[in-house]
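Observations on the three-dimensional arrangement
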Amino acid sequence: SQQGEEDPQALSIQEGENATMNCSYKTSINNLQWYRQNSGRGLVHLILIRSNEREKHSGRLRVTLDTSKKSSSLLITASRAADTASYFCATFQGGSEKLVFGKGTKLTVNP
Amino acid sequence: DAGVIQSPRHEVTEMGQEVTLRCKPISGHNSLFWYRQTMMRGLELLIYFNNNVPIDDSGMPEDRFSAKMPNASFSTLKIQPSEPRDSAVYFCASSLQAGVSYEQYFGPGTRLTVT
């Protein structure tokens, strides 16, 4: 079953613009993770935000978490063509060790 | 470190044939995960191991699928007999431990096509 749902399903922007992707989840979480998948490749971990954190930064990435709304957002600032990829949020279901991924947002950054 | 290694990268087989996918996790990682990715269902966890022991195989679609981890550096996912609906990209991932604090490292995947 799916825990995270990303929104939008697809996003197309120009290089230099900011990209915002959202994720909603259903059950309580200990943390939420974001992964990137380039076409034809495996997923790459980007950032982990814990349930007691509201915001986290890593380079051009900014992640927010609102546990009251069960939602998270990933902001990529000053996007580059190389950021073109699918982005997935992932959470653990309840207290299990199983990481459950959403269906992802496909981001296209046009040069 | 070479990262998670999967082989083959591409596999094309006929319905009814046996398919074996292979994975070498990152050295020192104690947990290994097998996922399947399709357009319709997204990324699904099939099975995971802790210290070579299968912990949860509830995601394995049916008895045609089996997975083994004979030692800390090798795992296989076998489909026998294969069917066209098994066509997907299969990913292996590893982490230091299973659990909520650990990120997973994914291999490049095996694209399986069953005709």
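This write-up is about the structure you can find in this document. (Residues numbered from 1 in each chain as written. Chains lettered and ligands numbered in written order. Predicted model: local features only at pLDDT ≥ 70, side-chain atom pairs only at ≥ 80, totals over all residues. Heavy atoms only, no water.)

1. So, the overall build of chain A
To be explicit about the condition: Strands are runs of DSSP state E lasting at least two residues, helices are runs of H or I lasting at least four, and both sets are numbered from the N terminus onward. Note that the radius of gyration is over C-alpha atoms, with the globule rule given as 2.2 Å times the number of residues to the power 0.38.
Looking only at helices and strands, chain A has 0 helices and 11 strands in total. Listing the helices and strands of chain A from first to last along the sequence gives β-β-β-β-β-β-β-β-β-β-β. Since a compact globule built from 111 residues should have a radius of gyration of about 13 Å, the 13 Å found for chain A is in line with a globular shape. For chain A, the spread of C-alpha atoms along the principal axes amounts to about 40 × 30 × 20 Å.

2. Quick notes on the overall build of chain B
Heads up, the condition is: Think of it in three bands: with a 1.4 Å probe and only protein chains considered, a residue is buried below 20% of the maximum accessible area for its type, exposed above 50%, and partly exposed in between. We call two residues contacting when some pair of their heavy atoms lies within 4.5 Å. All accessible-area figures derive from a Shrake-Rupley calculation using a 1.4 Å probe, and residue coverage is judged against the displayed protein chains alone. Two residue types count as positive, namely Lys and Arg, and two as negative, namely Asp and Glu; His and chain ends fall outside the count. The location of each charge is read from NZ of Lys, CZ of Arg, CG of Asp or CD of Glu.
A count of helices and strands for chain B gives 0 helices and 11 strands. Tracing chain B from N to C terminus, the helices and strands come up as β-β-β-β-β-β-β-β-β-β-β. On C-alpha atoms alone, chain B measures out to a radius of gyration of 13 Å, which is about the 13 Å that the 2.2 N^0.38 rule sets for 115 residues. In terms of its C-alpha atoms, chain B occupies a principal-axis envelope of roughly 40 × 30 × 25 Å. Across the 115 residues that make up chain B, the buried fraction comes to 47%. Restricting to contacts in chain B with at least 6 residues of sequence separation, those with at least 24 account for 55%. With an accessible surface of roughly 5600 Å², chain B has 50% of that area assigned to carbon and sulfur atoms. Put simply, chain B has 10 plus and 12 minus side-chain charges, and the middle of one group is 3 Å from the middle of the other.

3. A closer look at the interface of chain B and chain A
Convention followed: Take the accessible area each of two parts loses on contact, using a 1.4 Å probe, and add the two losses: that sum is the buried area. We define a salt bridge as a side-chain nitrogen of Lys or Arg found within 4 Å of a carboxyl oxygen belonging to Asp or Glu. Between N or O atoms, a polar contact is any pair within 3.5 Å; within protein, one atom must be a potential hydrogen donor and the other a potential acceptor, and residues adjacent in sequence are included only when both atoms are from side chains.
Counting from both sides, the interface comprises 26 residues of chain B and, opposite them, 20 residues of chain A. For the chain B and chain A pair, buried surface summed over both sides reaches about 1700 Å², with 51% attributable to carbon and sulfur atoms. For the interface between chain B and chain A, the tally reads 1 salt bridge. Residues Lys98(A) and Asp56(B) are paired through a salt bridge, measuring 3.4 Å at the closest nitrogen-oxygen approach. If you look at where chain B meets chain A, you find 6 residue pairs in polar contact (both at pLDDT 80 or more). Of all elements in the fold, only strand S4 (31-38), strand S5 (42-50) and strand S6 (53-56) of chain B reach the threshold of two or more residues within the side of chain B that touches chain A.

4. Remarks on the sheet that holds strand S3 (residues 19-24) of chain B
All names here are of chain B. The cut-off we apply is this: Two strands pair under a simple rule: DSSP has to find at least two bridges between them. Working convention: axes come from line fits to C-alpha atoms, limited for helices to the stretch in contact. Angles between N-to-C directions cover 0 to 180 degrees.
Strand order in the open sheet made by the 4 strands is S1-S3-S8-S7, with antiparallel pairing throughout. The open sheet is flanked by strand S1 (5-7) and strand S7 (65-71), the only strands paired with a single partner. For this sheet, the mean inter-axis angle between neighbouring strands, taken without regard to orientation, is 15°.

5. A few points about the layout of surface pockets
Note the following rule: Buried and open spaces are told apart on a 1 Å grid over the protein atoms alone, a cavity being a set of points where a 1.4 Å probe fits but cannot get out and a pocket being an open set with protein on both sides within 12 Å along at least five of seven lines. Residues with an atom within 4 Å of a point are the lining residues. Grid points are joined across faces, edges and corners, and a volume is the space filled by probe spheres set on the points. For this classification, the nonpolar set comprises Ala, Val, Leu, Ile, Met, Phe, Trp, Tyr, Cys and Pro, the charged set comprises Asp, Glu, Lys and Arg, and every other residue, Gly included, is treated as polar.
Empty space within the largest pocket amounts to approximately 840 Å³. Taken together, 32 residues form the lining of the largest pocket, with Gln37(A), Ser86(A), Phe88(A), Gln37(B) and Met39(B) sitting closest to its centre. Listing elements by their share of the lining of the largest pocket, those giving two or more residues are strand S1 (5-7), strand S9 (85-92) and strand S11 (105-110) of chain A together with S4, S5, strand S9 (88-95) and strand S11 (110-114) of chain B. Split into classes, the residues belonging to the lining of the largest pocket amount to 9 nonpolar, 16 polar and 7 charged.

6. Topic: the sheet that holds S1(A)
Within a beta sheet, neighbouring strands are joined by backbone hydrogen bonds and run either parallel or antiparallel to one another. Residues and elements named next belong to chain A. Read across the open sheet, the 5 strands follow the order S1-S3-S8-S7-S6; overall the sheet is antiparallel. Every interior strand has two partners, whereas the edge strands, S1 and strand S6 (55-58), have only one. For this sheet, the mean angle separating the axes of adjacent strands, direction not counted, is 20°.

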